[in-house]
Structures are given as C-alpha cells and as structure tokens.
Amino acid sequence: MKAKIFLIGLVGLALSACSHVDEADRIIELPKKDFRAADDVFDQRGNVIAVARQVLLEDFTGQKCVNCPRATETIEELHEIYGDHLVPVSIHGGDFGFHGTATNIGLATDTGDAYCEHWKVTYQPVGTINRHGLENFEQWSAVMEDEAAKTTPLQMAAEATLSGDNISITVTTDCLDGTYSGKLQVWVLEDGIVAMQSQPDGSVNREYVHNHVLRAAVNGTWGDDYTASKGDSRSHSFTQAVPSSWDRQKLSVVAFVYNDKGVEQVVKTTVK
Amino acid sequence: MKRQLTTLAALCCLLTAAAQEPAGAGSTPKSADEATVSGSIQSDMLVPQNDKAIGATKDGNFNTNTYIDVLMQSRYVDAGGRFEYKEHPLPGYANYPETGFKGTGLPNFWLKGKLGNNELTVGTFYEQFGSGFILRAYEERSLGIDNSLLGARLVVRPFRGVTVKALTGWQRHYWTWDGGQVSGADLEIGLEQWIRPLRDHDWRLSIGASWVNKRETGDSVFTNTLRSQMLNLPKYVNAWDVRVNLNKGPWGVLLEYAQKTQDPSADNYFVYKKGSAALLSGSYSKRGLSVLLQAKRSENMAFRSRRLQTGNALFINHLPAFTLDHTYALAALYPYATQLADGEWAYQAEVGYTFKRRTWLGGRYGMNVKVNYSYVRSIDDDGVEYPYGATGYKSKFFKWGDATYYQDLNVQLSRRFTRGFKLNLMYMNQRYNQLVVERHGGMIHSNIFVADGLFQLAPKTQLRCELQYLQTKQDLGDWVYGLLELSLAPHWMLTVSDMWNCGNTATEALPTYNNENTHHHYYQGFVTYSVGSHRIQAGYGRTRAGYNCSGGVCRYVPATKGFTLSYNYNF
C-alpha cells in the first residue's frame, strides 16, 4: 500500500514538474529566415509553367471593432516581411462596420456586409488568406508563410488609369499550364482615409488612418466567370466610376482569380 | 432540399417506430434483468427568408439542428448513442470559429458496466468535478456546446459515503477529438457517515478534492510576426480543486478553491500565469423564506484542451455564473458572459419571501417577493499589456479592478388576485459593460419593467399577457415588448409577440456611430400542439441579432426571419 502511495506521489510530482516552464526557458530562438519568393517552375523544354503566387489577405474589420487596430499592426508587420507579395484588403462590414453619417465617414459598404455574411463573420478582427477559411489575426503569419511558398500556373498583371471621373482597368491573365475554372474579381481600394476607429481601450480615435480599404467591387460582388487552358492569354477591361468622396491620388486596383479551392493568383496596381 | 427533408422525416419515423415497442416494454419491466429502451427526438427547423432591414440573410433554403438520443438500460449494462443531423445548421451555430459544428453522424456513443455501486463507462461521457472549476463536460444544445469526453470513466464507492472517480479521454470538438488528452480524478467523502456526532446533530459535512491533467503537444506559437522566436509550451497543465460543503437544517455553506498551473493560450494572450478560482456560498431556506449569498473570484481560469482554440469549443472547465439567467425577453437583451480569462469578482445576493395568505400584503392567495442583486467587477490588474511568454500581471486577491462588468438589481412580485387572475411584476436596474462582453460600445445603463398577467378564461382556457419596457440612453435606446399567449388545454397553444426598438440609437456612449435606423419590429407567431409525449410547434417571425446566454456562456445569434418548426418527442 505504501509503495502504491509513493508511486502515485511520484507520478504527480513528475507531471507537476513538466507543467512549469521557468521564465528563462520560455522563448526558443529560431534561425532567421528571410522571405524569398518561390522560384519559377520550368518544364523539360525550359518553358515557365508556374510562377510565385502572391497572397490575398482579406481583413474583415470595422470602425466599431476595438481590437481591429491590432490586426492592422499585424498586417503592417507582414507587409514588411513579404512586401508586394502580400496584398491586404480591409473589408469593412458586419456588426462592427460603420456606414457613416452626414458628418462622419463610414467605411462599411453593402459589398463588405455581403462578404461578412458569406464568411459568417460574427466577431472581428478576423481574416482569410487566399480564401482558405477564416483565421484569427494571430494565425496569419503562419498561414502567410505557407501560402507565400506556393507557385501557380496563372500569371497576372493589371493597369489602371484615371480618365475624367472613371478608372479604366485592364487585367491580363496568362495560363501557363493545365486548365482553370473559377472567377475573376476586380476591386478598387483606397489608402490614407482619415476616419474614426474604436481602439483597444474602448476610446474612439477620430484621426485614425485607414489603408487598403475596399471601396467597390468593380465587376459585382463575386466577379465574372473565368476559365483558361494552357497557353491562353487574355485581356479583360473594366471601368469604374469614381465618386467625389474618394481621394483620386490614393486609389489602387486589386484583381484576383479564385474558385472553391481558394485564390489562385492576385495582383495589385496603383491608379495612375 | 426535398431529399434532405425526406431523409430526415424517414429517419425520425424509423426511429420513432423502432422505439415504440421497447419503450412500452420498458415502462413496465417484467423482471430486474429486462432491458429498457428510452430516448428522445428534438428537431428545430427553419425555412429562412432574407430581410435586409434587420440584416437577416438566409443560408440555404432549409436549416435544422436535429438530435436523436437512444438509451438502453439493464441491470448490469447501459448503452446509448446520439445521432445528430446538422448538415444545414440553424443560423449562427456554424459561424467562425465554430465552423466545425456542421455535420451528420453519431458523435456520442457509450457502454456502461455496473456492478454494485461501481460503474465503468467506455465511449463518450459527461462529468463534473465539484462546481466545475477544473472539469465540466456537458451539453448545452441552445449554445451548440457539447464538450463530452471520449475515453473511459470509472466510478467506485468503496466505502459508505466515499465516491472516487477517475477518467481519461479526449474532448469532442464537434466532429473530431483533436484537443489534448484530459485525465483526472475526484474524491468526495461524506464525513457524517464516518463521524457519529455529526449524524446525531443532523450535520451533513462533505469534503472533496479533484485533480485534472491536460497533456497537449503539437501546436506551435510564435512570439512575433517574423517567426524568429517560438514559445516553449508546457506539455502538461495541471489543475486541482478542494471543497467543503456543510449543511444543517435550512442552512448551507459551500467553500471551494481551485488552482491551475501555467497554461499559455489564445484566451490569455499566451502568458505563463497561474490561474485560480475561489467560491463562498451561503444559503438559508425555510418555508416562506430563502436567502442566498455568494461571492466568487476567478483569475486566468480559461482552461481548454487546445490552447489555440477560441469561441465556445474545447473548454475543460466552467465557472458557475453569479448572474441571473432572465427569461423575459427584454431582461435578457443584455446578458452577461463570465470572463474566464480576464477574471472577475462576482457577488450575488437573493432573498425570497412569501407573504402568507389572508394577510394585508398576502391577500387571499399569498404573494411571493424575490429580490436579486448581482455585481461583477474586474480584479486588480496592473494594466500592462504583456508580451507572449511573460508571466503576466500580478493581482492582489481582495483588491478590485477599475471596471464594473455587470450589475443587476431586480425585484419580482408574484400574486394571485382572484381565482381567474394572477400577476407577476418585475423591475430591473441593469448596468452592462458592452465593451467587456461584446468588445465594442460602452456601459449600458437600463431600467426594465415587466408585467405578466395570467387570466383563467375558462376551465381549460388561459390567456397570458406580457408587457415589457426597457429604458436606456445608450446603445439602441428604448425597447418595448408585448406578448399574448392563449392556452387551450390540453393540446393547443397560440402565441403572438412583438419586440420594437422604439428609442433613439445611442445618445450618450458613442454618438459618433449614431447612424442607423434600428426602429424595427421583431414580430413572432407560434402555434403549439402537444399530445402524449409529442410536441410540435410551428411559427413565423423575425429574431433580432444578439447574444443567447446560459450559465454565463454565450453564443451570437444573427438576425433571422422565416418559418420555424420544432418537434420534440420522448419515448
């Protein structure tokens, strides 16, 4: 009996010991990794059949959301690492979105609300990276690392020019290998919008600067059908009217191709 | 959709038919060795509609959460299982991070062997140690919670008044069991069985002690976006709980304390702080008078079997709520959710008194008065935002923090005036910290008035009328609610209600966001038919977006509109 009690005590002690980590032992340093975009992939004849995949980060956010500035900080940190390989888009909508008043700018849109509904966003901040399901912003760096290492057979480019009150947009797509079936989506974003934002301490910052804010879905909420086979090279043209409330110097266009498996490729260009 | 409905209906019919005979046999067992079969069917269905005004967007053409439970009992062996059909779940249940909720299958199944006072369960099971501070595996369908354990549980009663439990398993995470392994043991001793003087003086004194261990490996947590540092996470988290429960006559006292070792998780922003919970509860209950006084302090006690999990899933423990779960619609508009990770000081006092019949206050039939007060406040905190891997804040045990999380003072009167009329009145004064509970907004201070009258129109006909009003200057402003419920015993019940946001949106807390027209009517109508152990309810109406809470745990429910059908059957 005494032996059993001793044994149970020993097991208890062993488990307790494993459950404590001293302050000095809590951080494990890892070898520094510099981001390098995936190399092009060639076939046996030396033709490029896949290129580095850029990554679309849709940040479902809202001006009433107190923790959303934390997610924005994460986006800024990710952008420092991945540069233009990361294409972040702030989608204002849902319960924390603000549609604005006569005196206060609201950044939520019906399109943003539709996306929040579609993804069943019930709390914010939350986001999706290349449309592989929702992730907490604490998880974005891990998902980003995986996505940024991938290649894709779809090559994309975009140009956007302002003429009068319209943006003329041209998106070109090249299918380097295989076949693809999905949708082509084009958005207009605006940077540097000064508007209210709730802060983590519950206060409201009226001078908060909002970047990469989704302003409009140029070709509908879910885009146009897009199919391509190896060798297909296409040019797609769009026009977007610019309301007076948008700052024409800070507009950009994001175009991406996606289907049920996620975003295949994305490209971003500033409006000239 | 037609095929889904047909499949569902066929399944229900099949199980109903299959259950009929054993149920009949079970109700009158012929011998102790005979097996009995019992069970239940619960199916809640919605044919949704879009309603832009209230923000209701339909997800498919048909939604249902359907559960079928079957239990076989015999002298030595029990067995059971639960079939769930949630392929197209009701709105809000499968929203992020609960997306795993969706599915169909048999997630609960168990076999229990019984010998004397001892039992061994293999399969899925529920369990609670003490008040649940360190272990509570339970099901709460209205919240979509089922954190049952899949594994083995042994309960032995080796001596009179002594119960020992030991268990190990993995928690259900909707359709997977992907959390860490949870093991534990609990000992409860009824000392009055061993100490004669206690028995002689009618004292009941029980002591209990529990231990729970979580073994978790696998997930990596990086301290920065660069991912140049990661946390050395504890492989095991241990928690223990001790308690004393003393009762004599109408008096009762419960004292309980629990502690948890380092458990860095998404809930506590990965700090290595220990957790603790303490509870003191005293009660007195004698005919006509009841008194309850409770205090609870918790600190960093979110305990899950997977440290990266958020939302409602994979909680190993549960802290009892010290706030009243209100049933009146407007009283439940701003429900409080227990702050497990942040910690809280919570107090509750309740006095119930029945004024006797044929007295000045009691009238001809007597009158019940109940006063309940609950107050929840933050614990002492240094206000520093610690980085991942830090030990975290220090908190003095008895010192309060700066923020009031919740306060509710409510007075309820219940009096029958005549044989044909009974009236319930309630006044409630509430302070609700929306920023803490919902992570937006500010403090909402409201006054709520409820009148609930029951008219006996005929021997089998009753009419119940509710009128409620919520007054507040914050958030969405004032609300009014009315309900008429006609009962035609024994089978029929007709209900109509409307909740209307009649006030002006936020005039104080966040005037900057005051933009939206929220003056909507949330109307509902239901017809309920009951016969035997069958109950079916059909309805149509709107449901407001908000939080549905039970026991301090909440689930967000989006706005909905459409036709509803509910079916319940016990066999």
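**Some details on the overall build of chain B**
- When helices and strands are counted, chain B shows three helices and 31 strands.
- The C-alpha atoms of chain B give 25 Å as radius of gyration, which agrees with the globular expectation for 571 residues (25 Å, within 12%).
- Its C-alpha atoms give chain B principal-axis dimensions of roughly 70 × 60 × 60 Å.
- For chain B, the share of sequence-separated contacts (at least 6 apart) that also reach a separation of at least 24 residues comes to 57%.

**Observations regarding the overall build of chain A**
- Per the secondary structure count, chain A includes four helices and 18 strands.
- Expressed as lengths along the three principal axes of its C-alpha atoms, the size of chain A is roughly 90 × 60 × 30 Å.
- Within chain A, buried positions represent 42% of all 272 residues.
- Taking contacts inside chain A between residues at least 6 apart in sequence as the whole, the part at least 24 apart equals 70%.

**Some remarks on the confidence of the model for chain B**
Residues and elements named next belong to chain B.
- For chain B, the mean per-residue pLDDT works out to 91, and 92% of the residues sit at or above 70.
- The model gives residues 1-30 a pLDDT under 50, and that stretch makes 28 contacts with residues more than four places away or in other chains.
- Of the regions scoring below 50 in pLDDT, residues 507-512 engages in 14 contacts with residues more than four places distant in sequence or in other chains.

**With respect to the sheet that holds strand S3 (residues 48-52) of chain A**
- Pairing is antiparallel across the open sheet formed by three strands, whose spatial order is S2-S3-S8 (chain A). Each end of this open sheet is capped by a strand with a single partner; those strands are strand S2 (41-42) and strand S8 (151-152) of chain A.

**Considerations on the interface of chain A and chain B**
- Every contact between the two is made by 44 residues of chain A and, on the other side, 38 residues of chain B.
- Mapped onto the side of chain A that touches chain B, the elements with two or more residues apiece are helix H1 (2-18), strand S1 (27-29), helix H2 (68-82), helix H4 (140-148) and strand S12 (193-198) of chain A.
- The biggest single contributor to the side of chain A that touches chain B is H2 of chain A, with four residues.
- Considering only residue class, the side of chain A that touches chain B consists of 17 nonpolar, 15 polar and twelve charged.
- Direction of pairing for S1 of chain A relative to strand S14 (residues 229-231) of chain B: antiparallel, over a ladder of three bridges. Paired with Ile-27 of chain A across the two strands is Leu-231 of chain B, which belongs to S14 of chain B.

**Regarding the sheet that holds strand S16 (residues 233-241) of chain A**
Residue and element names in this part refer to chain A.
- The sheet built from three strands is open, its strands ordered S9-S10-S16 with antiparallel pairing. Either end of the sheet is taken by a strand with one partner, and the two such strands are strand S9 (154-163) and S16. Going from strand to strand, the sheet's axes swing by 15° on average, the running direction of each strand aside.
- Alignment of strand S10 (residues 166-175) against S16, held across nine bridges, turns out to be antiparallel. Residue pairing for S16: Ile-169 is matched across the bridge by Phe-238.

Criteria and cut-off values
- Residues numbered from 1 in each chain as written.
- Chains lettered and ligands numbered in written order.
- Predicted model: local features only at pLDDT ≥ 70, side-chain atom pairs only at ≥ 80, totals over all residues.
- Helix = DSSP H or I, 4+ residues; strand = E, 2+ residues; numbered from the N terminus.
- Rg over C-alpha atoms; globule rule 2.2 N^0.38 Å.
- Contact = placed C-beta atoms within 7 Å.
- Buried ≥ 20, exposed ≤ 12 C-beta atoms within 10 Å, placed from the backbone.
- pLDDT = per-residue confidence, 0-100.
- Pairing = 2+ DSSP bridges.
- Nonpolar A, V, L, I, M, F, W, Y, C, P; charged D, E, K, R; others polar.
- Axes fitted to C-alpha atoms, helices over the stretch in contact; angles between N-to-C directions.

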